[in-house]
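# Commentary on secondary and tertiary structure
Chain by chain, the residues:
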Number of protein chains: 2
Amino acid sequence: MSARPFLASILSLACLAALPAFAATDNTPLPADALATAAKLRDAGMAGDATDGSSAYDIVESLTTEIGERLAGTPPAERAVEWAKAKFKAFGYDKVYTEPVTFEMWTRGHEDANVVSPYPQHLAITALGHSVGTNGPLEADIVEFANLDALKAAKPGTLDGKIAYISNRMQRSKDGSGYGPAVMARVDGPSIAGKLGAKALLIRSIGTDHERMPHTGILEYTADAPKIPAAALSNSDADLLSNMLRRGAPVRVKLELGGEMHGMVTSYNVIGEITGRTRPDEVVTIGGHLDSWDLGTGAIDDGAGVAITMGAGALLHRLHLRPDRTVRVIAYMDEEAGSFGGKAYAEAHLAQLKRHQLGAESDFGAARIYALHAGVKDSAWPVIEQIGQVLAPLGIVTERNATDADAGPDTGEFAAKGMAWAQLAQDGTDYFDWHHTANDTLDKIDPKALDQQAAAYAVLAYLAAEAKDSMGSGEMPLPKPEQ
Amino acid sequence: MSARPFLASILSLACLAALPAFAATDNTPLPADALATAAKLRDAGMAGDATDGSSAYDIVESLTTEIGERLAGTPPAERAVEWAKAKFKAFGYDKVYTEPVTFEMWTRGHEDANVVSPYPQHLAITALGHSVGTNGPLEADIVEFANLDALKAAKPGTLDGKIAYISNRMQRSKDGSGYGPAVMARVDGPSIAGKLGAKALLIRSIGTDHERMPHTGILEYTADAPKIPAAALSNSDADLLSNMLRRGAPVRVKLELGGEMHGMVTSYNVIGEITGRTRPDEVVTIGGHLDSWDLGTGAIDDGAGVAITMGAGALLHRLHLRPDRTVRVIAYMDEEAGSFGGKAYAEAHLAQLKRHQLGAESDFGAARIYALHAGVKDSAWPVIEQIGQVLAPLGIVTERNATDADAGPDTGEFAAKGMAWAQLAQDGTDYFDWHHTANDTLDKIDPKALDQQAAAYAVLAYLAAEAKDSMGSGEMPLPKPEQ
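Read on for an overview of the structure. Everything numeric here is computed off the predicted structure, so don't read it as measured data.

### Regarding the overall build of chain A
Counting secondary structure elements, chain A contains 14 helices and 16 strands. For chain A, the C-alpha radius of gyration of 23 Å lies close to 23 Å, the compact-globule estimate for 483 residues. Structurally, chain A occupies a C-alpha span of about 75 × 45 × 35 Å along its principal axes. Considering chain A as a whole, with its 483 residues, one finds that 64% of them fall into the buried category. Sequence separation of 24 or more characterises 85% of the internal contacts of chain A that already satisfy a separation of 6 or more. The centroid of the 43 positive side-chain charges in chain A is displaced by 2 Å from the centroid of its 63 negative side-chain charges.

Dropping the structure here:
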């Protein structure tokens, strides 16, 4: 996931607020045989004994080993598109196709930073996504701000010719709620600092680790500000820089960033379908994003999400299960720079909004799922409760009014237009230790945790596709647009 | 610490084996008032309330912030020499001086590695210390060996024109005993692979982490082998490379290493003394090493050791304690390339061997001390037991026949010539997660753990310096030389 996880949180709260409180009911909208089949599906997924390479772990091992990093628009991302098509076909998906996604391409280039004085030292940094380059070395004194608000409060001119440095630290939490407050330093900081006259911006990495691994991630330049180069220091280096500054003498840094935009390019969402038995034109979508940042091998962000959902569909095929509606697995392209795959999908399929039974997305790492959340119409909530009962043995609780419910960055784009959605919330306690760093590699993934997730997605997709009635796409009040 | 921790283990075993079993005794070779004073010293150290920058944490914060990495022979290492002299003086050491240490200087230069085919990907690597460079890109197929023995067993010629790759993984343990078996791949691997015709050697990092951080460390070329470039892959990249190789197709890697030797240079051990009250010519030495590898800021290896022992001496001064013998704190230079500081000290002071009451060294990270070990003559063991009683409230147990006892890499050089020694054994469970990587930074250090260690070294140094009789330097049978 990239910049704005809290957007979808706002959406979900708006949805939930619009619904009347849930009332206990006796109707069982999912028949007993569908529930029994789902339980078998769940147990088969947990067994994790696929021998055809379709277990979620085998899929992410293949993606990270054979492709590795896959920054949208670059050759490895295009190889990943071919890889995804081949995998869908190999795993028995009966329809495999692509849909175009157009976005601006960026590459990183050489990057380096050093304290010049008073304590010459190397600093581990990485450019923020879409950052302009420095055009050779850029040298300036550092001015530290405790957080983005402190930067906003700086008097115009105080940053003339300086490098601004925002040193706030992200807080760890299971639901990732520390990300939203911290990440705006990365997203909005560059233009705010640019307007104040800064030559460049450094930020403490938006991450919860204390490894010497800078965290990249997208920035958003505004039209009214000069574009200044921006980079993240690893948390270790942020400590170091703050400790130097605490001594009082001016700290001068030499920064080199080679970031470059390459204009608009077109890549693809890759889609595989298990076609529905009786209502093939109605779909349940699950998916993750195929692109990754360029520093690690994109194992947890979001190779895992692609693998979990692709593996879930493969499991249906392996057990010869074909639900009433179509299960559509989407490997989105260029989530990282702003959910472009999700936006493209929502735009291309807007006319079929009501035929989207439910959308869900896995984009929060590789740790186990602990909760089921949903944004569905009131009358569909009993279906969610029944799905939750099948998921309960996996340690998943069904929460109706969770304040941290989130449709996900790509699925959230269509949810914002009225699609019913569900969330299988993962434990994100460690996610931001590795997120957007070179450390996002396969060794952070527990195969058994992936089995649990693929099993849960298979159950969710199967039962949502079997439910008799609509879950509310196109019938619910639309959430307010983001503030 | 660097290459051969097990050398000193072998020494200590030899020492201990030469001693008769300990017999309980009623004599109390340390008087009650010395023990009471030592208890006060311990409690003052644990309070960690120095306001003059002499707490161990403040010292290592200063060294890592104001100097940072300090590869022996390079300008920052020379700045560290000046830093150490200034600190000793500031903390009230009454004699501060340097002694020359001569060694061959090496620098790293540019380094990069990429899989060329069949799965183009970047690999995170770092050159081993003293590795020759590749003189531009070197491209070859990889041949994997499960461990050093498998490489040794390779038939001559099988590696002609290839890059050898040793993939064995170091095991985690509290006492660091996993290091010895694993590290020989790094130390001896390059010459063994060179003799077999390999163009270069890659090894899995000698480390227990799963971070994308390659571990450097010294190699030892033998005179009878061609010098081939050698580098370590991070553990994450070692997994990646092994996973690629497991697929069966040839894996081709392009390697660039810029390592360079610069001939002999002279730097310095930096020494500070709290001069003894009644026997100033007799000394207890404690210390750590001032140099570090060039990737991190040398916080745990071995800024912590310098800080702990420098802080211990400072604590004596701060409490106006001057024991009978001199307490000599040594910040050794160029431990990393082969304990050159320790060798220089042993050589320069050989004539004063018997006047060295005891030597001890902190070079195993920054985690708490859990045991007291010693290599002293039998009749001195009751002194060690009494010291152990003062240390017991710090969670330190006195172990007479510990198989993992170790005089340390620098102190071990003089211990090998007959100096009595003690070891305050630290918990090394996490040490090899960060050892010799860019991740060796201040944020890995718990200030309270450093207080415990400085308190323990202060107690050990004070009481050893107060003991009436010799602990056996020059009187014990010499250990057998290393095999």
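Having seen it, we continue.
### Brief notes about the nonpolar core
Residues Leu151(B), Leu290(B), Ile387(B), Leu463(B) and Met471(B) are the most contacted members of the largest nonpolar core, which totals 112 residues. It is helix H14 (residues 447-466) of chain B that contributes the most residues to this core, 13 residues altogether.

### Some remarks on the sheet that holds strand E6 (residues 163-166) of chain B
All names here are of chain B. Read across the sheet, 8 strands follow the order E3-E2-E9-E5-E6-E7-E8-E4 without closing on themselves; strand pairing throughout is mixed. Of all strands in the sheet, those bounded by a partner on one side alone are strand E3 (121-123) and strand E4 (125-127). Neighbour-to-neighbour, the strand axes of the sheet open up by a mean angle of 30 degrees, direction not taken into account. Pairing of E6 with strand E7 (residues 200-204), which is carried by 4 bridges, proceeds in the parallel orientation. Residue pairing across strands places Tyr165 opposite Leu202, the latter belonging to E7. In the packing of helix H8 (residues 235-246) onto the sheet, contacts are made with strand E2 (111-117), E3, strand E5 (138-145), E6, E7, strand E8 (230-233) and strand E9 (252-257), and the angle to E3 comes to roughly 135 degrees.

### Focus: helix H6 (residues 179-187) of chain A
Where burial is concerned, most of H6(A) is hidden: 8 out of the 9 residues are buried. Every buried residue of H6(A) is listed here: Tyr179(A), Gly180(A), Ala182(A), Val183(A), Met184(A), Ala185(A), Arg186(A) and Val187(A).

### Observations regarding the interface of chain A and chain B
Taken together, the contact between chain A and chain B spans 33 residues of the former and 33 residues of the latter. Summing the contributions of chain A and of chain B, the shared interface buries around 2400 Å²; its carbon and sulfur component is 43%. The interface formed by chain A and chain B contains 6 salt bridges. One salt bridge connects Arg246(B) with Glu61(A), and the closest N-O pair in it is separated by 3.0 Å. Taken together, the connections running from chain A to chain B amount to 26 residue pairs in polar contact (both at pLDDT 80 or more). Within the residue set of the side of chain A that touches chain B, elements represented by two or more residues are helix H3 (56-66) and helix H8 (235-246) of chain A. The greatest single-element share of the side of chain A that touches chain B, amounting to 7 residues, is contributed by H8(A). Tallied by class, the residues present in the side of chain A that touches chain B amount to 10 nonpolar, 13 polar and 10 charged.

### Here we look at the packing of helix H3 (residues 56-66) of chain B against helix H9 (residues 299-318) of chain B
Residues and elements named next belong to chain B. Two elements in contact, H3 and H9, have axes whose closest approach is 8 Å; the angle formed by their N-to-C orientations is 135 degrees. Taken as axis vectors, H3 and H9 run oblique relative to one another. For the crossing formed where H3 meets H9, the hand is right-handed. Where H3 approaches H9, its residues Ala56, Ile59, Val60, Leu63 and Thr64 are matched on the opposing element by Ala299, Gly303, Ala304, Ala307, Ile308, Met310 and Gly311. Grouping the amino acids of the contact of H3 with H9 by side-chain chemistry returns 9 nonpolar, 3 polar and no charged.

### What to know about the pairing of strand E9 (residues 252-257) of chain A
All names here are of chain A. Where burial is concerned, the two faces of E9 differ: the one with Val253, Leu255 and Leu257 is buried and the one with Arg252, Lys254 and Glu256 is not. Across 4 bridges, strand E5 (residues 138-145) lies against E9 in antiparallel orientation. Residue pairing for E9: Leu138 is matched across the bridge by Leu255.

### Section: the relation of the copies chain A and chain B
Rotating chain A by 180 degrees and moving it 0.0 Å along the rotation axis overlays it on chain B with an RMSD of 0.0 Å. Viewed as a symmetry operation, the transformation between the two copies matches a two-fold axis. The share of interface residues of chain A whose copies in chain B are also at the interface is 97%, consistent with both copies meeting through the same surface.

### Regarding the packing of aromatic side chains
In the structure shown here, the tally under the stated rule is 17 aromatic pairs over all chains. When the centroid spacing of 4.7 Å and the interplanar angle of 75 degrees are considered together, the rings of Phe88(A) and Tyr93(A) count as edge-to-face. With respect to burial, Phe88(A) and Tyr93(A) carry one shared label: buried. Judged by centre distance (4.8 Å) and plane angle (45 degrees), the rings of Phe364(B) and Tyr431(B) are tilted. With Phe364(B) in the loop between strand E13 (356-359) and strand E14 (369-375) and Tyr431(B) in helix H13 (residues 431-434), this pair connects stretches of sequence that are 67 residues apart. Per residue, the accessibility class of Phe364(B) equals that of Tyr431(B), and both read buried.

### Section: unusual backbone geometry
Residues and elements named next belong to chain B. Backbone torsion omega between Ser117 and Pro118 reads 5 degrees, so that peptide bond is classified as cis. Phi angles above zero are rare outside glycine, and Asp334 is one such case at about 55 degrees. Under the relative-accessibility criterion, Asp334 is labelled buried at 4%. Phi is positive for Ser339, which is not a glycine, with a value near 55 degrees. As for its placement among the helices and strands, Ser339 is situated in the loop between strand E12 (325-332) and helix H10 (340-348).

### Observations concerning the pattern of salt bridges
Residue and element names in this part refer to chain A. Under the criterion given, the structure shown has 53 salt bridges over all chains. Residue Arg169 is joined to Asp239 by a salt bridge in which the shortest nitrogen-to-oxygen separation is 3.7 Å. One end of the pair, Arg169, is in the loop between strand E6 (163-166) and H6; the other, Asp239, is in helix H8, with 70 residues separating them in the sequence. On the accessibility criterion, Arg169 (35% relative accessible area) is partly exposed.

Definitions and limits used
Residues numbered from 1 in each chain as written. Chains lettered and ligands numbered in written order. Predicted model: local features only at pLDDT ≥ 70, side-chain atom pairs only at ≥ 80, totals over all residues. Heavy atoms only, no water. Helix = DSSP H or I, 4+ residues; strand = E, 2+ residues; numbered from the N terminus. Rg over C-alpha atoms; globule rule 2.2 N^0.38 Å. Buried < 20%, exposed > 50% of the residue type's maximum accessible area, 1.4 Å probe, protein only. Contact = heavy atoms within 4.5 Å. Lys, Arg positive; Asp, Glu negative; His and termini not counted. Charge placed at Lys NZ, Arg CZ, Asp CG, Glu CD. Core = buried A, V, L, I, M, F, W, Y, C linked by side-chain atoms within 4.5 Å. Pairing = 2+ DSSP bridges. Axes fitted to C-alpha atoms, helices over the stretch in contact; angles between N-to-C directions. Buried area = accessible area lost by both parts, 1.4 Å probe. Salt bridge = Lys/Arg side-chain N within 4 Å of Asp/Glu carboxyl O. Polar contact = N/O pair within 3.5 Å; in protein donor to acceptor, adjacent residues only side chain to side chain. Nonpolar A, V, L, I, M, F, W, Y, C, P; charged D, E, K, R; others polar. Parallel < 35°, antiparallel > 145°, perpendicular 65-115°, else oblique. Left-handed = near helix turned anticlockwise from the far one by under 90°. Least-squares fit on C-alpha atoms with pLDDT ≥ 70 in both. Phe/Tyr/Trp six-rings, centres within 6.5 Å; stacked < 30°, edge-to-face > 60°.

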